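# Structural characterization, general
Residues per chain are reported as follows:
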Amino acid sequence: MPPAVDALALAERLDTRYARLHTSKEDAFWTARMGLADDAAAAQRELDVLDVELQGFLQAPERLAEVRAALDALGDDAPRELGVRLEGWRRTFESHVIDSAAARALAAELVVDEGRLEHARGAMELGYRDPAQGFVRASSVKLSAMLRSESAEHLRRAAWDGLRGIETHVLDQGFLDIVRKRNRLGRALGAEDYYDWKTRRVEGLGKHEVFALLDELEARTADAARRALDALRTKHGAARVTPWNVQYLVSGDVTRESDPYFPFRSALARWGRSFAALGIRYRGAELVLDLVDRRGKYENGFMHGPVVAWRHSGSFVPARIHFTANAIPTLPGSGQRAMATLFHEGGHAAHFANIDMPSPCFGQEFAPTSVAFSETQSMLLDSLLDDADWQQRYALDSAGRPLPIELVDKALAASQPFAAWNARAMLAVCYGERALYEIPDEQLTAERVLRELREVERRLLFLDQGSPRPILAVPHLLAGDSSAYYHGYVLAEMAVHQARRHFVARDGTLVDNPRVGPDLARLWWQPGNSLRFDEFVRRLTREELSAEAFAHHVNRDLATALHDAHAAIERLERVPRFDGPVELDARLRVVHGREVVAELNGDFEACAAQFARWIDARAEADRG
């Protein structure tokens, strides 16, 4: 049989089996993480089994050997598409294959251990102590929100103590055994440690290369961040500038004053209209959105795609994509949080819905798909929410009045001096996680870990007691898929500000710019993971990846930031308003657990109105 025919049969077999395994695992992931099963432990066990099966498929050395042999045997007359498919599988298997049987067994153990830890974390009695009410159960989402908006300092302190409690809980539930096993795996596979192995596998960059970029940002932002904290201490007194106070002192009042212009009930409508105005389409994808917090639900927004978008035998297969938020409708700032999640996770969804390659291996969200590149899509689109021109057009109160310029200025006055400090808060997670994997096994104790994390937080954030968001309270560090991952957000911020600079320099605006969606679809989304992160950055911006644009943005003084905001508002008069029907080319279903809240049946405005009525009823019930 001719080699090309063998190669074709191999590609078909790999595509078909992977698509089935991926969908089964991702549907189980949604059931377990959304708390949809009557038996949470059984749902986690099912997810573990399916995840082990999927990882076994991806990690088997014999499949990589088959693909390499098929590529070597391809003749010059073989169809180009077949070579593309096999090359995609080569890169995919090289990102996952574990040659050693012992290392594969260790990887399978880790899946089970991580699932057990995730279940223990989900079952934790999390909350805070109120002197008047005793223990009050609260999710990490609510505890974090309290740090920004709770007016009583003693309750903000209690919320922060609650977040710190996550650290001791996961340390007591076997997290350090997982760290040891992860490091054993990374070293067995030829890397310095687990973190180094993970960055090489996902980004194609070693740990030291990643941190060279992060070190550049750290050096560029230190002075501006220190000045911001010094000014806050001068204004409020050094004793009040603590981890549980700093976010409230910066943003609490602004959040409350801005709240009427970001009503939760309008979040879905504004997301749809803004994305439609940008020319973003979902190519027939089915979108399932679960947006409101509830007990048993995973406490962090995410997007996963159970059905991958790809081109099968010449026909496009639309994606099925799930994304989630943890908004609390009655909490101050909840509308802004819901909007941010819709733009962020909706950006992820747009990326993966528009991948058009001849194999599903190009369209899944795991290695060799770059974390940093994936996050660039979501963070570019959620960055619009902070733009003064977007706020003037979309941040409207119940009477249709835009966010007053005075509030735009006040928000900038609160946020811009702390922009560099907030960038360093992201860096703290990265440096803290790196430190975790660099502790020798024999010294890896809970006490040593907490000491190292507090030192990183103090060094990066200049707060003696540590970070408002304790590093081990960040859920990414616990799960296998998202561990050694957080640096992707920082690298993405670098690319986001390079992309923003490109669009504004070329077109004068990002808001309601109909060229944005088609350009992203053509240059960034369609190729899937067939290119590296740095290649994608050059493809759009014609620049090398650098910390310069991001550092420039966060280091601006207030006068410059205000000037830039007012100039954008003045330019808005020349930007046509998008008044047409909202066409996203998507099948949309909003759910709350098993309940269907709203469904798109051709009329997006009707779907958004149905969602708004449900939010109104829920908020009324919560208040009553």
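The coordinates are above.
Okay, so let's go over this structure. (Residues numbered from 1 in each chain as written. Predicted model: local features only at pLDDT ≥ 70, side-chain atom pairs only at ≥ 80, totals over all residues. Heavy atoms only, no water.)

### Quick look at the overall build of the protein
So the rule is basically this: Each helix corresponds to a stretch of at least 4 residues labelled H or I by DSSP, and each strand to a stretch of at least 2 residues labelled E; elements are numbered beginning at the N terminus. Here the globule rule reads 2.2 Å times residues to the power 0.38, and the radius of gyration is calculated from C-alpha atoms. Only heavy atoms matter for contacts: two residues are in contact if any of them lie within 4.5 Å across the pair. When charges are counted, Lys and Arg are positive and Asp and Glu negative, with His and the chain ends excluded. We put the charge of a Lys on NZ, of an Arg on CZ, of an Asp on CG and of a Glu on CD.
Tallying secondary structure elements over the protein gives 24 helices and 9 strands in all. In terms of overall size, the protein behaves like a compact globule, its C-alpha atoms giving a radius of gyration of 24 Å where 624 residues would be expected to give roughly 25 Å. Referenced to the eigenvectors of the C-alpha coordinate spread, the extents of the protein come out at roughly 75 × 60 × 50 Å. When contacts within the protein are restricted to residue pairs at least 6 apart in sequence, long-range pairs at least 24 apart make up 76% of them. Averaging the locations of the 79 positively and 93 negatively charged side chains of the protein gives two centres separated by 2 Å.

### Topic: the nonpolar core
For soluble globular proteins, the rule of thumb is that nonpolar side chains tend to be buried together. Filter applied, for reference: Buried Ala, Val, Leu, Ile, Met, Phe, Trp, Tyr and Cys residues that are joined via side-chain atoms within 4.5 Å together make up what is termed a nonpolar core. For every residue, the accessible area obtained with a 1.4 Å probe (protein chains only) is divided by the maximum for its type, and the residue is called buried under 20%, exposed over 50%, and partly exposed between those limits.
In this structure, Phe175, Leu268, Trp271, Tyr282, Leu287, Leu289 and Trp524 are the most contacted members of the largest nonpolar core, which totals 199 residues. Counting residues per element, this core draws most heavily on helix H17 (residues 419–438), at 13 residues. Not counting chain neighbours up to four residues away, the residues in contact with Leu289 comprise Leu268, Trp271, Phe323, Leu342, Leu588, Arg589, Val590 and Val591.

### As for the packing of aromatic side chains
Basically, it comes down to this: Only Phe, Tyr and Trp rings take part, Trp by its six-membered ring, and two of them pair if their centres are within 6.5 Å. Stacked means planes under 30 degrees apart, edge-to-face means over 60, and tilted covers everything else. Placement of a charge over a ring requires the Lys NZ or Arg CZ to be within 6 Å of the ring centre, with the centre-to-atom vector within 35 degrees of the ring normal.
Summed over all chains, the structure comprises 26 aromatic pairs. Residues Trp89 and Phe93 carry aromatic rings whose centres are separated by 5.2 Å and whose planes lie at 25 degrees to one another, so their mutual orientation is stacked. One end of the pair is Trp89 and the other is Phe93, both in helix H4 (residues 80–96) and 4 residues apart, which spans about a single turn. The residues Trp89 and Phe93 share a single accessibility class, namely buried. A ring pair is formed by Trp271 and Phe604, whose centres lie 6.5 Å apart and whose planes are at 55 degrees; its orientation type is tilted. Remark: Phe604 occurs in helix H24 (residues 604–623) and Trp271 occurs in helix H12 (residues 267–277); sequence separation between them is 333 residues. Classification of Trp271 by relative accessible area gives buried; the value is 0%. Taken together, the ring pairs connect Trp271, Phe275, Tyr282, Phe323, Phe343, Trp390, Tyr394 and Phe604 into an aromatic cluster. We note Arg33 situated over the ring of Tyr298; from NZ or CZ to the ring centre the distance is 5.8 Å. The ring of Tyr431 has Arg459 lying over it, and the distance from NZ or CZ to the ring centre is 5.3 Å.

### Considerations on the environment of Asp386
Its location among the elements puts Asp386 in the loop between helix H14 (371–382) and helix H15 (388–394). Residue class for Asp386 comes out exposed when judged on its relative accessible area of 64%. Here the alpha-carbon distance between Asp386 and Glu447, two residues 61 residues apart in the chain, equals 39 Å.

### Focus: the pairing of strand S9 (residues 595–599)
Put simply, the rule is: By this definition, two strands are paired if DSSP reports at least two bridges between them.
Relative to S9, strand S8 (residues 586–592) runs antiparallel, the two being bridged by 4 bridges. The residue bridging Val591 from the neighbouring strand is Val596, located in S9. Connecting S8 to the next strand, S9, in antiparallel fashion are 2 residues, including Gly593 with a positive phi near 65 degrees.

### Looking at the side chain of Gln59
Along the chain, Gln59 turns up in helix H2 (residues 40–59). Sequence-distant contacts of Gln59, that is, excluding residues within four places in its chain, are made with His96, Val97, Ile98, Arg104 and Ala107.

### Quick look at the pairing of strand S2 (residues 134–137)
Here strand S1 (residues 127–130) pairs with S2 via 4 bridges, running antiparallel. When the bridges of S2 are listed, Gly127 appears paired with Arg137. The antiparallel pairing of S1 with S2 creates a hairpin that spans 3 residues between the two strands.

### Things to note about the environment of Ala423
Positionally, Ala423 belongs in helix H17. Overall, the relative accessible area of 5% leaves Ala423 in the buried class. Measuring from C-alpha to C-alpha, the distance between Ala423 and Thr221 comes to 7.9 Å, with 202 residues separating the pair along the chain.

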